[in-house]
Amino acid sequence: MKFIRFSDLCAQGLVKGQRVFIRADLNVPQDDSGSITEDTRIRASIPCIQMALDAGAAVMVTSHLGRPTEGQFKPEDSLAPVAKRMGELMQREVPVLTAWTDGVDVQPGQLVLLENCRVNKGEKKNDEALARKMAALCDIFVHDAFGTAHRAEASTYGIAQFAKVACAGPLLAAEMDAISKALANPKRPLVAIVAGSKVSTKLTILKALAGKVDQLIVGGGIANTFMLANGLAIGKSLAERELLDEARAVIAAMKARGAEVPIPTDVVTAKIFSAEAAASVKAAGDVEEDDLILDIGPETAKKLAEQLMAAGTIVWNGPVGVFEFAAFEGGTKAIAEAVAASSAFSIAGGGDTLAAIAKYGIEKDVGYISTGGGAFLEVLEGKTLPAFEILSTRAEG
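Just so we're clear, the structure is a prediction, and the values are computed from it rather than from any experiment.

### Let's talk about the sheet that holds strand E11 (residues 292-296)
And then number 1: With respect to topology, three strands assemble into an open sheet ordered E10-E9-E11, the strand pairing being antiparallel. Either end of the sheet is taken by a strand with one partner, and the two such strands are strand E10 (280-283) and E11. Adjacent strand axes in the sheet meet at a mean angle of 45 degrees, parallel and antiparallel pairs treated alike.
And then number 2: Note: strand E9 (residues 266-270) against E11, four bridges, orientation antiparallel. Residue pairing across strands places valine 267 opposite isoleucine 296, the latter belonging to E11.
And then number 3: Sheet strands in contact with helix H10 (residues 298-309) are E9, E10 and E11, and its direction is about 35 degrees off that of E11.

### Regarding the side chain of aspartate 266
And then number 1: As for its position among the elements, aspartate 266 is in strand E9.
And then number 2: The side chain of aspartate 266 sits in the buried core without any salt bridge; lysine 303 is the nearest counter-charge, 6.8 Å away.
And then number 3: What aspartate 266 contacts, discounting residues up to four positions off in sequence, is Val281, Lys282, Ala283, Ala284, Ile296, Gly297, Pro298, Glu299 and Thr300.

### Description of the packing of helix H4 (residues 128-136) against helix H5 (residues 154-162)
Two packed helices can be described by the angle between their axes and the distance between those axes.
And then number 1: In the contact formed by H4 and H5, the axes pass within 8 Å of each other and the chain directions differ by 70 degrees. Taken together, the axes of H4 and H5 are roughly perpendicular relative to one another. In the packing of H4 onto H5, the handedness of the crossing is right-handed. Contacts between H4 and H5 involve Glu128, Leu130, Ala131, Arg132, Met134 and Ala135 on the former and, on the latter, Ala154, Ser155, Gly158, Ile159 and Phe162.

### Topic: the pairing of strand E7 (residues 190-196)
And then number 1: With six of its seven residues buried, E7 lies for the most part within the structure.
And then number 2: When E7 meets strand E12 (residues 313-317), the two strands line up parallel, connected through five bridges. Counted as the bridge partner of valine 194 is asparagine 317 from E12.
And then number 3: Where E7 lies against strand E8 (residues 215-219), five bridges are found, and the strand directions are parallel. When the bridges of E8 are listed, alanine 195 appears paired with glycine 219.
And then number 4: Assessed by its sense of winding, the connection that carries the chain from E7 through helix H7 (residues 199-210) to E8 is right-handed.

So, how was this worked out
- Residues numbered from 1 in each chain as written.
- Predicted model: local features only at pLDDT ≥ 70, side-chain atom pairs only at ≥ 80, totals over all residues.
- Heavy atoms only, no water.
- Pairing = 2+ DSSP bridges.
- Helix = DSSP H or I, 4+ residues; strand = E, 2+ residues; numbered from the N terminus.
- Axes fitted to C-alpha atoms, helices over the stretch in contact; angles between N-to-C directions.
- Contact = heavy atoms within 4.5 Å.
- Buried < 20%, exposed > 50% of the residue type's maximum accessible area, 1.4 Å probe, protein only.
- Lys, Arg positive; Asp, Glu negative; His and termini not counted.
- Salt bridge = Lys/Arg side-chain N within 4 Å of Asp/Glu carboxyl O.
- Parallel < 35°, antiparallel > 145°, perpendicular 65-115°, else oblique.
- Left-handed = near helix turned anticlockwise from the far one by under 90°.
- Right-handed = clockwise from strand over helix to strand, strands pointing away.

Structure, rendered in structure tokens:
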């Protein structure tokens, strides 16, 4: 994937004195009083901003926050709390500018935060006039918001079309590199873990991966559907019976390539869905009518862990059981530990996956942790993200 890296422009001295517009992802969670409850995205955006300042640029940064109504700015939509936290982390004043599309007064060495970009009319529909106005504000556009890379909006796509230079910031470049390494040029065997409650939400991903991977490990409610498709009883477990043919098609597609979808040989069941429920380990063929399957069993977990240890590349999206409950976390814990211990390059993404990684403290042992939920899923579906497409086009032009 060819694209211009902002870090290269800085290293070549091409940023000094330039007006740099950074599209960051500062969409942080807030409580009812507007206080930021978790600042990871702000912290993650600072290296790019500091890189621009150190290179001698006049720096403008914008982001969306929440779900504002276009053309109607309300106090709760303001990036002011973000500016305050950013200022604390960077130990400098970070002014917030409103009504900025017609012009921004910022000098080299200065940093300004441009108010919530989704308040601008035409932002979500990628209005050309708005995109051209944004592009006119800068000499260099830097896309550093992977969480929005799957959306073609004025501040993510249109501006990249019309800016003099359009490039990838360090966060986006790292995502692009990791995705390319994991899916475009993977070291084999390539093993994908796709888990979640429903096949329907991951069906396009399963189909896309069935043509690429050497092992497709399914977990959660998805595994139940695949067990059912394989003729196994699953009791009253969550499954999508109307998608059994789709599950069989994925299994057949893998088999045709000499690859496989490992079906659990043992499971952990309960009679009710509760953290206090008594857990029973059973062979996959012994599930009773009133059983709920809430995790893979230790035998299955051991086999899957061995496959992960032998992998060249691992893609992980979703926990394989109800890991929030202590009695049903064994499978997800075993998977997490195997991913951490494997010499394979691993890329993981999705909210529940990140929660599992945090719970088992393996952050430093995962090759790359993707921060963009929807964008990461669309990449797994085999889609070319708008941000990647336009930055590649601009790099060639």
